[in-house]
Amino acid sequence: MAEIRLAQLAHSYQDNPSAAEDYALRRMEHVWEQGGAYALLGPSGCGKSTLLNIMSGLLAPSEGEVLFDGKVVNALSPQQRNIAQVFQFPVVYDTMTVFDNLAFPLRNQGKPKATVEARVREVAAALEIEPLLTRKARNLTADEKQKVSMGRGLVRDDVAAILFDEPLTVIDPQLKWRLRRKLKEIHQRFNVTMVYVTHDQLEAATFADKIAVMYGGQIVQFGTPRELFEMPRHTFVGYFIGSPGMNLLDLEIVAGRAHCHGNELALPEAWHARLAAQENARLQLGIRPEFVEVVPADSATLTGRIDLIQDQGSFKIVDVALTADPSQLIKVRVDEYKSLGEETVGLHLPEAWMRFYANDLLLEMSDEAV
Ligand SMILES: Nc1ncnc2c1ncn2[C@@H]1O[C@H](COP(=O)(O)OP(=O)(O)OP(=O)(O)O)[C@@H](O)[C@H]1O
């Protein structure tokens, strides 16, 4: 088991990269601590698999170093790094029984028969595949094969880390949730560093203690699911996390004060000054649909017309088109029983839940300054 450190790491698939866009991974510093349960979350093409393959040793980075417990491992193969990897599609030996598939990595290491037997049964029980142990792998369903594949990743107790690359893609949706919970339980029991790649925020949040959100070849935020929800450090995190994502509204500075679509924001003086000081930056206000309040129009920060109401069961998502600019929609989450009355509504944006971004990056202010 190991701490995995990425030092000045970058990767380009091109021979002579020059511009930032030539890099699948932009220069990064990152640490996965020993024993953590992590998710690497991001949209297709953001660099997740590239990063995972560099950590496992399947791909050599074009720049920088990968360190396991402080030792540079760039030149080591996946076997030498002692990494277990579980891929999107099952990797099993069809002609072997499930037992032999699970036992394979242990027998390769020359482990005693009793140890092999005990460990295979423990992992099979954790994954609920004990009844399959005597079956030939080729007769299994895709779900069952993938469980065996995961079992092969979990069976060794001396691995530096287990890396999962979208391992539940082939799994039946109803089973997915149960398997994620299982993986979490197994993580708690075996205390091994796990990094789980996914593009699904729910999958990331149910598995991981901390999530690294990737965008455009960079880790734009590394935090708990709650931190990503409450304090997105990049507009992409605001937009990508949440359902629907964060509302992002352009801000203007008029005579040194922050305005949103023609209305001055009710903010402490220090915030107006901080925003006004961001010369030439694109300024945005971010607020999640959960925190926008529907209020009488005469006491509102902004007013608008209800454009669409989507019933989501226990709540509704209401799209409000702003009076000052009807092309700008704000999404508001309201209780299913809330009566919205008039078509024109007022919106209150509580100061505690407003987030400010300059060129997509969160602006912060210490408590004393506000
Ligand atoms: N072998 C390769 N040769 C050239 N470019 C590649 C190669 N593999 C990936 N890329 C490019 O690198 C970027 C990152 O790809 P990567 O597969 O790491 O992203 P990802 O987040 O894992 O996406 P997905 O979820 O679709 O697998 C993409 O622009 C992709 O086109």
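Values in this document were obtained by computation on a predicted structure and should not be read as measured data. (Residues numbered from 1 in each chain as written. Predicted model: local features only at pLDDT ≥ 70, side-chain atom pairs only at ≥ 80, totals over all residues.)

### With respect to the overall build of the chain
In terms of regular secondary structure, the chain is built from 10 helices and 21 strands. Projecting the C-alpha coordinates of the chain onto the three principal axes gives extents of approximately 75 × 50 × 40 Å. Evaluated residue by residue, the chain yields a buried proportion of 36% over its 370 residues. Across the chain, the fraction of contacts at a sequence separation of at least 24, relative to all contacts at a separation of at least 6, is 65%. (Helix = DSSP H or I, 4+ residues; strand = E, 2+ residues; numbered from the N terminus. Buried ≥ 20, exposed ≤ 12 C-beta atoms within 10 Å, placed from the backbone. Contact = placed C-beta atoms within 7 Å.)

### Describing the UniProt feature "domain: ABC transporter" (unreviewed entry) in the chain
UniProt annotation of "domain: ABC transporter" (unreviewed entry) refers to residues 4–241 when read in the numbering used here. In residues 4–241, helix accounts for 37% and strand for 23%; the two terminal C-alpha atoms are 26 Å from one another. (UniProt positions renumbered as here; feature names shortened; annotations may be inferred.)

### Side note on the confidence of the model for the chain
Counting all residues, the mean pLDDT for the chain is 92, and 98% of those residues have values of 70 or more. Reported confidences for the modelled complex are a pTM of 0.92 and an ipTM of 0.97. (pLDDT = per-residue confidence, 0-100.)

### Description of the environment of proline 61
Position of proline 61 relative to the elements: it lies in the loop between helix 1 (48–56) and strand 4 (63–68). Taking the C-alpha atoms as reference points, proline 61 and leucine 9, separated by 52 residues in sequence, lie 7.1 Å from one another. With residues up to four places along the chain from it excluded, the contact list for proline 61 reads Leu9, Ala10, His11, Ile54, Val66 and Asn74.

### Overview of the environment of arginine 135
With respect to the helices, strands and loops of the structure, arginine 135 is situated in the loop between helix 4 (113–126) and helix 5 (142–154). Given 15 C-beta atoms within a 10 Å radius, arginine 135 is considered partly exposed. For the pair arginine 135 and lysine 182, spaced 47 residues apart in sequence, the C-alpha separation works out to 22 Å. Those residues within four positions of arginine 135 in sequence are excluded, and the remaining contacts are Thr97, Val98 and Leu140.

### Let's talk about the site of the ligand
In the region of the ligand, the neighbouring residues are Tyr13, Ala24, Gly42, Ser44, Gly45, Cys46, Gly47, Lys48, Ser49, Thr50 and His199. Classifying every residue of the shell around the ligand by side-chain character gives 3 nonpolar, 7 polar and 1 charged. (Near = placed C-beta within 6 Å. Nonpolar A, V, L, I, M, F, W, Y, C, P; charged D, E, K, R; others polar.)

### With respect to the pairing of strand 9 (residues 210–215)
Of all 6 residues that make up strand 9, 5 are buried, and the element is covered over most of its length. Bridge analysis of strand 3 (residues 37–41) against strand 9 gives 4 bridges, and the strand direction is parallel. Bridge assignment links leucine 41 to a residue of strand 9, and that residue is valine 213. Sheet analysis places strand 9 next to strand 10 (residues 218–223), joined by 5 bridges and oriented antiparallel. Within strand 10, the residue paired with alanine 212 across the bridge is phenylalanine 222. Between strand 9 and strand 10, which follow one another and run antiparallel, lie 2 residues, and glycine 216 among them has a positive phi close to 55°. (Pairing = 2+ DSSP bridges.)

### Some points on helix 1
Within helix 1, 7 of the 9 residues are buried, which leaves it mostly tucked inside the rest of the structure. Among the residues of helix 1, those classed as buried are Lys48, Thr50, Leu51, Leu52, Ile54, Met55 and Ser56. Of the residues one or two after helix 1, glycine 57 is the one with positive phi, at around 100°.

### Some remarks on the sheet that holds strand 18 (residues 329–335)
Judged by pairing direction, the sheet is antiparallel, and its 5 strands sit side by side in the order 15-19-16-17-18 without closing on themselves. Sheet topology places strand 15 (293–295) and strand 18 at the edges, where each strand pairs with a single neighbour. Strand after strand, the sheet turns through a mean of 50° between neighbouring axes, direction not considered. Pairing analysis gives 7 bridges linking strand 16 (residues 302–311) to strand 17 (residues 315–322), with the strands arranged antiparallel. (Axes fitted to C-alpha atoms, helices over the stretch in contact; angles between N-to-C directions.)

### Describing the packing of helix 3 (residues 98–108) against helix 5
Two numbers describe how helix 3 lies on helix 5: the axes approach to 8 Å, and their chain directions differ by 30°. In terms of their interaxial angle, helix 3 and helix 5 are classed as roughly parallel. Crossing of helix 3 against helix 5: the hand is right-handed. From helix 3, Val98, Asn101, Leu102, Phe104 and Pro105 reach across to helix 5, where they touch Val148, Gly151 and Arg152. For the contact of helix 3 with helix 5, a count of residues per class yields 5 nonpolar, 2 polar and 1 charged. (Parallel < 35°, antiparallel > 145°, perpendicular 65-115°, else oblique. Left-handed = near helix turned anticlockwise from the far one by under 90°.)

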